[in-house]
Amino acid sequence: MTIRRIFALLLFTAATAGQAQVAPWDFEAGYRWLNLKGSPGMYRTQVNEREGFLIRSFNLATTGPNMDRLVVHVSDFGTSPAGSLRLEACKQDLYRFTLGYRSADQYSIFFGQHYYNRARRTLDADLELFPESRIAPYVGYSFNRFAGPGETTYHFGQDEFLLQQKQKDIDQEVRVGASFKYDWVYGSFTQGWRRAHSTIDSSLFPGAGNGNNNDPILGQPVNATSITRHDTEKTKTPFTNLYVTLQPLSRGRVIANYVHLSADSDGNESEAAYGSFASFAISRFFTGATETATSHAKNTTWRSGVRGEYTIAEGVDAFAGYQKDHRDLNGSALIDTLYLQSITFGGVDQRDFRDILASENSIEREETTTSAGVSVRNLGNLAVRAEFRQAKVEADVAPDLSEIVVPGNQEGSFERRINTLDTNAQYATHGWLLGAAWRSDSANQPIFRTDYKDRDRYRLRAQWSQFKWAKITSVYERTTMSNDTSFESRVRNYTTDAAIMPTEGITLHASVSSFKSDSTISYRRPQTFVVTTSVHSENGHTREGGIGFALPHSIYFDANIARLHNDGTYPFKLNRYNGRMTFPLKSHYGLAVEYNKDRYVESSSLDYDATRWGLFLRIQ
Amino acid sequence: MRIEFAWVRGLEGPRAPGVGQAPSPVQSASGRRGRLSYTLLFLIVLSVPLLAQEAATVPSCGDCHDEQAKAFITNPHGHGKAVNGVIPNAVCEKCHGDGKGHIEGGGDKSLIYKPAGMAGSNKTCLTCHDLNNDRVSRHAGTHANSPAVNCLTCHSVHSAKASPLLVKKQLELCANCHATQVASFRDKPYAHRLGRGGMECSSCHEPHGRPQREMLRKTTAGELPCVGCHVQQRGPFVFQHGSAAIGDCMTCHEPHGSANPKRLIRATVTQLCIECHSPIEGNTLGSQPPAFHNLSLSRYQSCTTCHTAVHGSNRDPQLFK
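It should be emphasised that the depicted structure is a prediction, and the values quoted were computed from it without experimental measurement.

Here we come to the overall build of chain A. Summing up its helical and strand segments, chain A has three helices and 26 strands in all. Taken over the C-alpha atoms alone, chain A extends approximately 90 × 60 × 55 Å along its principal axes. Relative to its 620 residues, chain A shows a buried fraction of 48%. Expressed as a percentage of contacts within chain A between residues at least 6 apart in sequence, the contacts between residues at least 24 apart total 59%. When the accessible area of chain A is evaluated, it comes to approximately 28800 Å², of which 58% is carbon and sulfur surface.

Next comes the structure, spelled out in structure tokens:
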């Protein structure tokens, strides 16, 4: 959906609102200027607010013909990296319609030579009929498009080549179902069908034929004159879900769920590469290759469970549950590669060389979770909650042909049990809100090396608020993890927010936060087999403060400054300055002026300093 | 036989204590059906203006609470209940109790019920919204009704600033308690863009949910919410990366704000990969890179330069393409 279509839709809804009994609405749109110094790539990766026309907001809440309610919210369409439109319309007892549309422009220059500049557009529409009746049927549709250019690298013939890419993924989903309510039984049933289609076209980036490696391989230069690749993939995914709640007693209820999906994916790929290459896998030099690949992958997942909840007394509830998740992934691929004019490393036996790889893979994962707990919320001003959970994960990974090339530790059977004790308490009195939470996880063994064996998570929270003129919130969180594979990790977060309103119309706020992350784990250097330690450290501090005040004649002003310093392994600084002022011109018209500045300092090549000015017309 | 006017129909369901009766229905005795029906219709037609006159003599809540009454027409609680653009008193009385004394007392605040706190939520909100299903639990959830956190902590029926009837915009509201998470979104350089452009905390989390898996929402097919947007990572792939198949997105990514590119949990991709791909002790999943991966050379310092298809591939066992 283009911005013109959004604009037309807004005009239409505003016109419709004019016919209605009550039509409070507001609209703000204008132009933003950008002055960017430094790395545009880094700026677009992190912020991506560009220069141009922008619909900042449109809000409407009204009634209308055959509508008890029509609500439209629009935010940030145009040169914003993310925009959204949400529309709700309903008529009591007849229908309920929701429509959501989102746009997200995604830009990334990481890692190495990788880059993409792609746009995601998503649409979700749902229509429910007779929402108040015992059986309310509904139908829904979702659309997701992710497309745009990019650059990637491709390892081929003992070198890496830069490729330019065009990618287009379209994912659509249709779902029908019904919610039902009959006496003490209620729930919903949905049957859906999802269809995805992905196309990626890649070709050698102009001038990148020499690859990343300038050195010859066994005396032979490696370069490419042409590389083209075309990938397509189609996936069909029917799914079913059923949720039922039984509440035969006012105090007790049983909740059951069943979800099943079966995704079938078929892929086709064709590739042609020409130049001068080497391959250690076939121990030959060659002047080109053509490749075709067909593949099929299947993911069957189901989840089923039941849980019961019983209200022992007002504010006292006990609950228990059992849940099972099963995932079965199977894949097969037939890859036919023809190496053209290959010769042995010794320079003899010239011929075309065909290599056919047929691979079968499977991964099966099953997780069973049992839980029981109690929630007590009537101890005066105190509420406590405690829950115990036990999760058992079983995974079977079948060996694939990659084991032949890279043997070891890519297959096997794994089992991991995790016992979790999850507790929290909250106390509220006279403007104070105090909270504490502790979650302790204990596992018998890891599956991945960075899986914890013991993990403790603590959260302390204190909040004080006095009417509307003062509020202070302070939160401290700490997570520690460790296991028997020399893995140790600590993450600590601390934030204090304060806001005061000394007089009507003036608000001052300040925030201080810090995050620290330290982890160590041993690893083996591939080139020397020496075991050493991987150390990761983040040590960030943020100071943020701002002011907002309302002047006479409906003039509003907001400004804030935020400074983040990360002194960890890879230090950087990020300073942000924001200001916004709105003032009326006439009773229904006004202007808004915005100022934003982001200054990022990491290294000279990635630093940027971006200043934006915006001028917006407001109508309400 | 009982006839109700259309605007009374929406008032079914449990009522708050002290809620008054619905307006008097027109009643009729039984008799000969055909003649009676015509008589009844005639009486109804006659009675409409009389009733309207009578109703006009009863003060409306909106007479004093003008702004709230006007705004309530588009409030979800006012759907289809307005009559000639006016919300009937009975609608207000569902939550505020019988307003007769309050009106007769000249607006005496002590004579009207104003829901507040845990008790107020129990007596009003939860009489209708006590829904408990697979996603939501009003009893076992982390945000279940309590003195510290209750319906009216986050929602306001009359003074909502954001949908659905939230007292503040979602990011500000959640920051009241989850300040570290919100600071992470606000301050760190690599973060989902919240607050502007459609994403909110509730895009991924179910605020009324149970605490398992951080109260994460699921897609309609029961998957993590990440693949609801990032559909290209959903697969299935022939050669699936184990960390995605056995673990999940959070094995490698920090979904809130991060100091690391791609919201990874490590600053460099090589460090992230090598920590699992070093089977030194025990039975763990993840192979050791072959010896030619000389990490002292820049060529091997970014694993994804060659292993580009890190989430999974249909073509290449080594995830090269």
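Another point: unusual backbone geometry. All names here are of chain B. Cis geometry is found at the peptide bond from S163 to P164, where omega equals 0°. Within the secondary structure, P164 sits in the loop between α8 (151-154) and α9 (170-175). Note the cis peptide between G235 and P236, where omega equals 5°. For P236, the location among the structural elements is in the loop between α11 (226-229) and β3 (239-240).

Moving on: the pattern of salt bridges. In the structure shown here, the tally under the stated rule is 63 salt bridges over all chains. A salt bridge links B:K321 to A:E291; its shortest N-O distance comes to 2.7 Å. Here A:E291 lies in strand β12 (residues 284-313) and B:K321 lies in the segment after β4 (312-313), a pairing that spans two chains. For A:R612, the salt bridge identified is with A:D598, shortest N-O distance 2.6 Å. With a gap of 14 residues between them, A:R612 in strand β26 (residues 608-619) and A:D598 in strand β25 (residues 589-601) connect regions that are remote in the sequence. An identical accessibility class is assigned to A:R612 and A:D598; each is buried. Residues joined by salt bridges that share partners form a network here, namely A:E28, A:R32, A:E49, A:R56, A:D76, A:R576, A:R580, A:E594, A:D598, A:R612, A:R618 and B:R193.

Our focus in this paragraph is the pairing of β26(A). Residues and elements named next belong to chain A. Pairing of strand β1 (residues 25-38) with β26 involves 12 bridges; the strand directions are antiparallel. Note on β26: the bridge partner recorded for K37 is D609. As paired elements, β25 and β26 share 12 bridges and run antiparallel to each other. Counterpart to A592 in the pairing with β26 is F616.

The next subject is a nonpolar patch on the surface. Residues and elements named next belong to chain A. Residues Y31, W33, F53, W613 and L615 make up a contiguous nonpolar surface patch of roughly 510 Å² in combined accessible area. Secondary structure elements with two or more residues in the nonpolar patch: β1 and β26. The topology assignment puts W613 in strand β26. Given the relative accessible area of 47%, W613 is considered partly exposed.

Here the focus is the interface of chain A and chain B. Of the residues lining the interface, 170 residues belong to chain A; the matching set on chain B comes to 119 residues. Inspection of the chain A/chain B interface yields 14 salt bridges. Taking the shortest distance from any N to any O, the salt bridge between A:E309 and B:R210 comes out at 2.8 Å. The tally of links between chain A and chain B comes to 56 residue pairs in polar contact (both at pLDDT 80 or more).

Our next topic: the confidence of the model for chain B. All names here are of chain B. In this model, chain B carries an average pLDDT of 79, and 82% of its residues clear a pLDDT of 70 or more. Taken as a whole, residues 1-34 scores under 50 in pLDDT and shows 42 contacts with residues more than four places along the chain or in a different chain. Across residues 44-55, confidence stays below pLDDT 50; counting only partners more than four residues off in sequence or on other chains, it has four contacts.

Cut-offs used in this document
Per chain, residues are indexed from 1 in the order of the written sequence. Following the order in which they are written, the chains are lettered starting with A and the ligands numbered starting with 1. Local features in this predicted model are restricted to residues whose pLDDT is 70 or higher, and side-chain atom pairs enter the listing and the counts only when it is 80 or higher, whereas totals over whole chains, interfaces and linings include all residues. In computing side-chain values, all of the structure's heavy atoms are included and hydrogens and water are not. Each helix corresponds to a stretch of at least 4 residues labelled H or I by DSSP, and each strand to a stretch of at least 2 residues labelled E; elements are numbered beginning at the N terminus. For every residue, the accessible area (1.4 Å probe, protein chains only) is compared with the maximum for its type, and the residue is labelled buried under 20%, exposed over 50%, or partly exposed between those bounds. Here a residue-residue contact requires only that any non-hydrogen atoms of the pair lie within 4.5 Å. Every accessible area reported is derived by Shrake-Rupley at a probe size of 1.4 Å, with residue values counting cover from the shown protein chains alone. Salt bridges are defined as contacts in which a side-chain nitrogen from Lys or Arg sits within 4 Å of a carboxyl oxygen from Asp or Glu. Strands are labelled as partners when DSSP assigns at least two bridges between them. Two joining distances apply to patches: 9 Å for like charges and 5 Å for nonpolar side chains (Val, Leu, Ile, Met, Phe, Trp, Tyr), and every residue must have over 30% relative accessible area and no salt bridge. Polar contacts, as used here, are pairs of N or O atoms within 3.5 Å; protein pairs need one atom able to donate a hydrogen and one able to accept it. Residues neighboring in sequence count only if both atoms are side-chain atoms. You can read pLDDT as the predictor saying how much it trusts each residue, on a scale of 0 to 100.

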